[in-house]
Amino acid sequence: MNIVLLGPPGAGKGTQAIRISAHFDIPHISTGDIFRRAVAQKTALGLKAKEFMDRGDLVPDEVVIGIVKQRLEEPDCSTGFLLDGFPRTVPQAEALVDALTVGGRALDKVLNIEVDRDELIRRLTGRRTCRGCGKVFHLIFDPPKSSTTCDICGGALWQREDDSEETVINRLKVYEAQTAPLVDFYRAQGLLVAVDGRQPVEVVFSRIDEILHA
Ligand code: AMP
């Protein structure tokens, strides 16, 4: 099962990806997570990616494409994968087709998680992540007991640099300009299935489960 999760930042791709990956036993490949790890470890890739991420801009295609191609060659991807946050531009989508075709593979479905703009801004600016264990809270939807401390491990909660209001607005603009064209790209190939992302997490997941079993 070779799946792409499409949708604007804040649509819940990461949350759904964790469930889909566990349920269908396929690796979850999040380019955002790969970059955040690289930033935390201060690798050359991380240093390069950080300036783009902090502004809410996309990391250049050639950097992202190389990383994903390499990841897709790993043995755990041979029976399926779930891409979350990639592709984000038409050149990335074209590079993905090429990379898969070489190995006789193809995408099975592209799930487009849809959420309106006001809701995305509300979701993204309220997100808080624990520096200790990585648990993600939300000041409105899943509030921690204290807005600065993790309920699980007592670690400090922080707001991702790219979740500040100014950066969120830029990320949505970048999404509209560079990523939204992929909706038509995948619709034209008959791969696109829309999912209403405004519903509760469990409802969204059961809809996805239904689509992937169809
Ligand atoms: P995400 O967690 O998917 O929202 O990604 C966080 C940030 O990582 C994005 O705002 C981009 O700066 C960068 N990023 C992640 N995936 C990609 C991609 N496919 N192409 C370019 N930049 C990306």
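Throughout what follows, the structure given in this document is the object of discussion. Keep in mind that this is a model prediction, so the values were computed, not measured.

Inspection of the region around the ligand gives 16 residues, with Thr31, Arg36, Asp57, Gly85 and Gln92 positioned closest. Within the backbone of aspartate 57, an N or O atom sits 2.6 Å from an oxygen atom of the ligand. Isolated, the ligand exposes 480 Å² of accessible area, and the fraction of that covered by the protein chains is 95%. In terms of residues, the shell around the ligand owes the most to one element, helix H2 (residues 31–40), which gives four residues. Split into classes, the residues belonging to the shell around the ligand amount to six nonpolar, four polar and six charged.

Unoccupied space between atoms shows up once a probe the size of one water molecule is rolled over them. Taken as a whole, the second largest pocket holds about 190 Å³ of empty space. If you go around the second largest pocket, the residues you meet are Pro8, Asn112, Ile113, Glu114, Val115, Arg117, Leu120, Leu172, Tyr175, Glu176, Ala180 and Val183. Counting residues per element, the ones that place at least two in the lining of the second largest pocket are strand S4 (109–114), helix H6 (117–125) and helix H7 (165–179). Grouping the amino acids of the lining of the second largest pocket by side-chain chemistry returns eight nonpolar, one polar and three charged.

It is worth spelling out the nonpolar core at this point. General note: in soluble globular proteins, nonpolar side chains tend to be found buried as a group. One finds Leu96, Leu107 and Tyr186 to be the most contacted residues of the largest nonpolar core, which totals 33 residues. Put simply, the parts of the chain that give this core at least two residues each are strand S1 (2–6), H2, helix H3 (44–55), helix H4 (61–72), strand S3 (81–84), helix H5 (90–102) and helix H8 (181–188). Per-element accounting of this core gives the leading share, six residues, to H4. Dropping the residues within four chain positions of it, leucine 107 is found in contact with Asn2, Val4, Phe81, Leu96, Leu100, Tyr186 and Leu191. Grouped together as the second largest cluster of nonpolar side chains are 23 residues, Leu5, Ala17, Ile20 and Leu111 included.

Conventions used here
- Residues numbered from 1 in each chain as written.
- Predicted model: local features only at pLDDT ≥ 70, side-chain atom pairs only at ≥ 80, totals over all residues.
- Heavy atoms only, no water.
- Near = heavy atom within 4 Å.
- Polar contact = N/O pair within 3.5 Å; in protein donor to acceptor, adjacent residues only side chain to side chain.
- Areas by Shrake-Rupley, 256 points an atom, 1.4 Å probe, with all protein chains shown as cover.
- Helix = DSSP H or I, 4+ residues; strand = E, 2+ residues; numbered from the N terminus.
- Nonpolar A, V, L, I, M, F, W, Y, C, P; charged D, E, K, R; others polar.
- 1 Å grid on protein atoms, 1.4 Å probe; cavity = no way out; pocket = protein on both sides within 12 Å on 5 of 7 lines; lining within 4 Å.
- Points joined across faces, edges and corners; volume = space filled by probe spheres on them.
- Core = buried A, V, L, I, M, F, W, Y, C linked by side-chain atoms within 4.5 Å.
- Buried < 20%, exposed > 50% of the residue type's maximum accessible area, 1.4 Å probe, protein only.
- Contact = heavy atoms within 4.5 Å.

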